[in-house]
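Residue strings, one per chain:
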2 protein chains.
Amino acid sequence: MFQFIKNGTVTSVQGFKAAGLHSGIKKRKKDLALIYSEVPCNAAGTFTLNKVKAAPILISKRIIEKKNKIRAVLVNSGNANACTGEQGHKDALAIQKYCASKLGVKPDEVLVSSTGVIGQLLPMEVMMKGIDKITGSLSSSGGMDAAEAILTTDLRLKSYAIKIKLTKGEITIGGICKGSGMIMPNMATMLAFLTTDADIDQPLLQELLLKSVNKTFNKITVDGDTSTNDMVILLANGKSGISIQKESKNYNLFLEGLNKICEEMAKSIIVDGEGATKLIKIIINNAKTISDADTIAKSIANSPLVKTAFNGADANWGRIISAAGKSGADFNPLKTNIYFDDLPVMLAGYKIVIDEEKASEILNKDNFSISLDLNEGECSTTWWTCDFSQDYIKINANYRT
Amino acid sequence: MFQFIKNGTVTSVQGFKAAGLHSGIKKRKKDLALIYSEVPCNAAGTFTLNKVKAAPILISKRIIEKKNKIRAVLVNSGNANACTGEQGHKDALAIQKYCASKLGVKPDEVLVSSTGVIGQLLPMEVMMKGIDKITGSLSSSGGMDAAEAILTTDLRLKSYAIKIKLTKGEITIGGICKGSGMIMPNMATMLAFLTTDADIDQPLLQELLLKSVNKTFNKITVDGDTSTNDMVILLANGKSGISIQKESKNYNLFLEGLNKICEEMAKSIIVDGEGATKLIKIIINNAKTISDADTIAKSIANSPLVKTAFNGADANWGRIISAAGKSGADFNPLKTNIYFDDLPVMLAGYKIVIDEEKASEILNKDNFSISLDLNEGECSTTWWTCDFSQDYIKINANYRT
């Protein structure tokens, strides 16, 4: 039903081309990416909720809200074009327009996106030359280059594609993303670009993307910071000839596949979290409301004390229940059970049943889960986080300079 | 009008005795403290808002709420007696009762307080022996020993006293506190014990303490975590014979003095923050509401990205405005000015006016301020935070084991 494609990427989907290259914004690494569709696409997007929004966010958000057909997404790394005022806005529009003219499409058919240092103007001449070059370099095997060009402090390439068998025929979803610091929901907190050859009208595409982002990208956190620049974009070109209709079996299959690839992408961001050495799943079961469950999960996932304890493989369940307690969510700690993977750690009434040796074995893995059973209601949630290591500090104390 | 006393402490106030010693809860360091008043005191207190409340919190909170007269405060470090269920509650009551009997007072005249590891039962025999010893060691020069005995991961003793000249005569306030991790308001987030010889009735004392805590202890943050155990207690024995009445000039003078000593105590906690190398004042001016101002200050003060940038003396104002933007507070980043000390950094419209050399000079000091002028209204707030260093991780990854 669902099959991940080896070395899958945005160009694993028919009708999409891409490229990625070094234009000169960064010293040496690739810094400019372009995703291009042979035909006009429907496009859905979610954008950062930070009050401080970078120029490309404002421009791309407006285009998605107008439900325009899209032909391309131009992304640069190394410079966020955020907090750059009127000039930054003009620059983003100029780049959008120039890229559109080179592709022979309308400016409003090009989404723009930036990531990198805040508060510096884009090097326009460098970028124009980069656009000259990249619009001539598009290829149907260019997805990986694009995936590389959107990275900043990331250590790993993040690129996926999944095939979904529908009731009749199959479609593909491809995606690339970046992010390793400033990772925290609401929303967006990183860049992710997805392509599909399914035929889905814009409002339905937006609905599907929102549902999926709320279960995946919005439930990961590295450090509780929400960036000024982040977005998730999903382009649907309809090339498969298979149309997804609301409340159909295919709708559910598509959503399930979209969830799968978005979950992999979201987890890949956590695994590559700045200084992260462990991927930790936080599961909250039987909360009164989803909001209570999310509030507790988020509080645990963001607690520096919890995250440093994970780093030291310290079975410090006290910090976990304390992080839950300070979250403001409605629950009774006296009714709560805590598990590491399947190992009971603390049961209702603060009954400590932990087997320290087994707990230590679990916490020394690079991938485990912490679950809390609140025994209050029927709502559950799953979040992902990483540990907090000395490298996190090293990376962030010295990032800009 | 206000004069800090050199080597001031809780026993700098007439009528108070104290002691601190090693009972055996910790391996070597002092771990048991007792503050004792020769006469019954009025007592005010504020307590952690964490849903997970340690046994001594529940017991002491009830006593304060009943407005009981108080004779003593017994504090142990090394064991938090939190998440210890019914047995933990019984243990705390037993200790309170035993201490009271040794002092010849009623159990309800003794406040209890614990700090340390969560989830372990108190070593009762060790503590009883400690109480035997400490009740016989009380002295009017014992404040510093008590200050030492309440510490956990703290590196420095935190002890102060201030003399306040009133319209006629003078009174003294003394205080000791502890805290270096899990520091974050709402409320309490550390232990602080204050004594005064002013004569103040209980409801007024509670009002004064609340006002002061809200401007000082509740505006500091090391890591955004709120502990299960923390409390601030203020004892007033009336020995000076000077009575403080509501809406008097002396009321204002007392409050001002209380604010001064609480601010020093709060800042001493930040300076001793786990791994901290810098004390940073966060000032938000001209917000629409106090709540907006506090929300923004808290978001900046807790942002790991901001705190690591401070650690690296990186003038990364982009992270500051971004942390403000993600806070959810109502303001317009386009109207905001940012200053480091008096140096303008970013002015309205994202106008970057930073002098990088001067900024670097400021950020390399161990004490500086960040202020945001929101140009929205007339509300202001001041918070204190520290930087985030590699040592924070080291300390917290290995604390329990």
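Residues numbered from 1 in each chain as written. Chains lettered and ligands numbered in written order. Predicted model: local features only at pLDDT ≥ 70, side-chain atom pairs only at ≥ 80, totals over all residues.

So, about helix α5 (residues 202–215) of chain B. Residues and elements named next belong to chain B. Helix length check: α5, at 14 residues, gives a terminal C-alpha distance of 20 Å against a target of 20 Å (1.5 Å per residue), a fit within 8%. For α5, the full list of buried residues reads L205, Q206, L208, L209, S212 and V213. Down the axis of α5, the buried set is contained in an arc of 165°. They therefore lie on one face. If you follow the buried residues of α5, they end up packed against β3 (32–47), β10 (231–236) and α6 (249–271). (Helix = DSSP H or I, 4+ residues; strand = E, 2+ residues; numbered from the N terminus. Expected span 1.5 Å × (residues − 1). Buried ≥ 20, exposed ≤ 12 C-beta atoms within 10 Å, placed from the backbone. Arc of directions from axis to C-beta. Contact = placed C-beta atoms within 7 Å.)

We now examine unusual backbone geometry. Positive phi outside glycine occurs at A:A313, with the angle close to 50°. Topologically, A:A313 is positioned in the loop between α8 (304–311) and α9 (317–325). Look at A:A313 and you get partly exposed, because 19 C-beta atoms sit within 10 Å. The phi dihedral of B:D341 falls on the positive side, at around 50°, and the residue is not glycine. Classification of B:D341 by C-beta neighbours within 10 Å gives partly exposed; the count is 17.

Residues and elements named next belong to chain A. Put simply, α8 and α9 touch, their axes get as near as 9 Å, and they point 160° apart. As far as their axial angle goes, α9 and α8 are roughly antiparallel. Two packed elements cross with a definite hand, and for α8 against α9 that hand is left-handed. Residues L305, V306 and A309 of α8 form the contact with α9, whose own contacting residues are R319, I320 and A323. (Axes fitted to C-alpha atoms, helices over the stretch in contact; angles between N-to-C directions. Parallel < 35°, antiparallel > 145°, perpendicular 65-115°, else oblique. Left-handed = near helix turned anticlockwise from the far one by under 90°.)

Entries for chain A in the domain assignment read domain 1 (2–271) and domain 2 (279–397). Just the C-alpha atoms count here: the centres of domain 1 of chain A and domain 2 of chain A sit 32 Å apart. (Domains from an automatic or database assignment.)

Here we take up the packing of helix α2 (residues 85–103) of chain B against helix α3 (residues 124–135) of chain B. All names here are of chain B. Direction vectors running N to C along α2 and α3 enclose 25°, while the axes themselves pass 10 Å from each other. With respect to α3, the element α2 is oriented roughly parallel. In this structure, α2 crosses over α3, and the sense of that crossing is right-handed. Residues D91, A94, I95, Y98, C99, K102 and L103 of α2 lie in contact with α3, whose contacting residues are M124, M127, M128, I131, D132 and T135. The class makeup of the residues in the contact of α2 with α3 is nine nonpolar, one polar and three charged. (Nonpolar A, V, L, I, M, F, W, Y, C, P; charged D, E, K, R; others polar.)

A few words now on the environment of B:D294. All names here are of chain B. Relative to the helices and strands, D294 resides in helix α7 (residues 290–302). With 22 C-beta atoms packed within 10 Å, D294 lands in the buried category. When the C-alpha atoms of D294 and I284 are compared, they prove to be 7.8 Å apart, with ten residues separating the residues in sequence.

Glancing now at α7(B). The end-to-end C-alpha distance of α7(B) is 18 Å, a good match for the 18 Å that 13 residues give at a rise of 1.5 Å each. Listed as buried for α7(B) are B:D292, B:A293, B:D294, B:T295, B:I296, B:A297, B:K298, B:S299, B:I300, B:A301 and B:N302.

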